[in-house]
Amino acid sequence: MPVLTIVLIIVAVVLAGGLIAFYFLGKRADKKREEQQAQLDAISQTVSMLVIDKKRMHLKDAGLPEAVMNADIPWYAKASKLPVAKVKLNGPGGSQIMTMIVEAEIFDDLPVKKEIKATVSGLYITGFKGNHGKLQTQPKKQKGLRAWAMRKQKELKGQ
């Protein structure tokens, strides 16, 4: 049997093993995510708040409480930027300014300097509804060469 055939068989077996391993690891990660989502939904509550500012920041620069910083957080999570919003909570004991983590899917739509009713689980904003006035959502900016060419063409027609 030629050497090339043996090498190709070994590579195919290794790739098949890797695909099988990724399949089972993905199923385990999905199950863990569903459990975490169920926990977040169980403790969620609706709160009225004013969004002062929103940014993507490193965990250490976000100004989160010490309990969050002392938690067992993986190194890659500490190095990555997460969506954070500085909000003024309107509660029965008065108002207070807090820094909260925002779910990545709703971060772009979160209005700044608007009062909203947000669904909160601990320090985590999972959803929101506009409270006063219409929410102004910005259209998604298209990426790529074709979108750039279309924008340039519109600019030239406008001049």
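Just so we're clear, the structure is a prediction, and the values are computed from it rather than from any experiment.

Confidence along the protein chain averages 85 in pLDDT terms, with 92% of residues attaining 70 or more. Element-level pLDDT for the protein chain is lowest in helix α2 (residues 66-69), with a mean of 77, against a maximum mean of 93 in helix α1 (residues 3-42).

On to the pairing of strand β4 (residues 115-121). For strand β1 (residues 45-58) and β4, the ladder comprises six bridges, and the chain directions are antiparallel. Residue Val47 lies in a different strand from β4, and its bridge partner there is Ala118. Taken together, the six bridges between β4 and strand β5 (residues 124-130) define a ladder with antiparallel strand orientation. Bridging from a neighbouring strand, Ile116 pairs with Gly130 of β5. Between β4 and the antiparallel strand that follows it, β5, lie two residues; Gly122 among them carries a positive phi value of about 70 degrees.

A contiguous patch of positive charge, built from Lys27, Arg28, Lys31 and Lys32, is present on the exposed surface. Within the element layout of this structure, Lys32 appears in helix α1. The exposed category is assigned to Lys32, whose relative accessible area is 53%.

Turning to the side chain of Thr99, a few remarks are in order. Its location among the elements puts Thr99 in strand β3 (residues 94-102). With a relative accessible area of 13%, Thr99 lands in the buried category. Leave out the neighbours within four places in its chain, and Thr99 touches Ala62, Gly63, Leu64, Val84, Ala85, Lys86 and Leu123.

This paragraph deals with the nonpolar core. In summary, soluble globular proteins display a tendency toward joint burial of nonpolar side chains. Counting residues in each nonpolar core, the largest one holds 15 residues, and the members touching the most others are Met49, Val87, Met100, Val102, Val120 and Ile125. Among the secondary structure elements, those contributing two or more residues to this core are β1, β2 (81-91), β3, α4 (104-107) and β4. Sequence-distant contacts of Val102, defined by excluding residues within four places in its chain, comprise Pro83, Val84, Ala85, Phe107, Leu110, Tyr124 and Ile125. Among the nonpolar cores identified, the runner-up in size contains seven residues, and Ala62, Ile73, Val84 and Ile101 belong to it.

Attention shifts here to the sheet that holds β2. Around the barrel, which closes on itself, the five strands sit in the order β1-β2-β3-β5-β4 with mixed pairing between neighbours. Neighbour to neighbour, the strand axes of the sheet diverge by 45 degrees on average, direction disregarded. Pairing geometry for β3 and β5, over two bridges, is parallel. In the strand pairing of β5, Ile101 is matched with Tyr124.

The rules behind these values
- Residues numbered from 1 in each chain as written.
- Predicted model: local features only at pLDDT ≥ 70, side-chain atom pairs only at ≥ 80, totals over all residues.
- Heavy atoms only, no water.
- pLDDT = per-residue confidence, 0-100.
- Helix = DSSP H or I, 4+ residues; strand = E, 2+ residues; numbered from the N terminus.
- Pairing = 2+ DSSP bridges.
- Patch = residues over 30% accessible without salt bridge, like charges linked within 9 Å, V, L, I, M, F, W, Y side chains within 5 Å.
- Areas by Shrake-Rupley, 256 points an atom, 1.4 Å probe, with all protein chains shown as cover.
- Salt bridge = Lys/Arg side-chain N within 4 Å of Asp/Glu carboxyl O.
- Lys, Arg positive; Asp, Glu negative; His and termini not counted.
- Charge placed at Lys NZ, Arg CZ, Asp CG, Glu CD.
- Buried < 20%, exposed > 50% of the residue type's maximum accessible area, 1.4 Å probe, protein only.
- Contact = heavy atoms within 4.5 Å.
- Core = buried A, V, L, I, M, F, W, Y, C linked by side-chain atoms within 4.5 Å.
- Axes fitted to C-alpha atoms, helices over the stretch in contact; angles between N-to-C directions.

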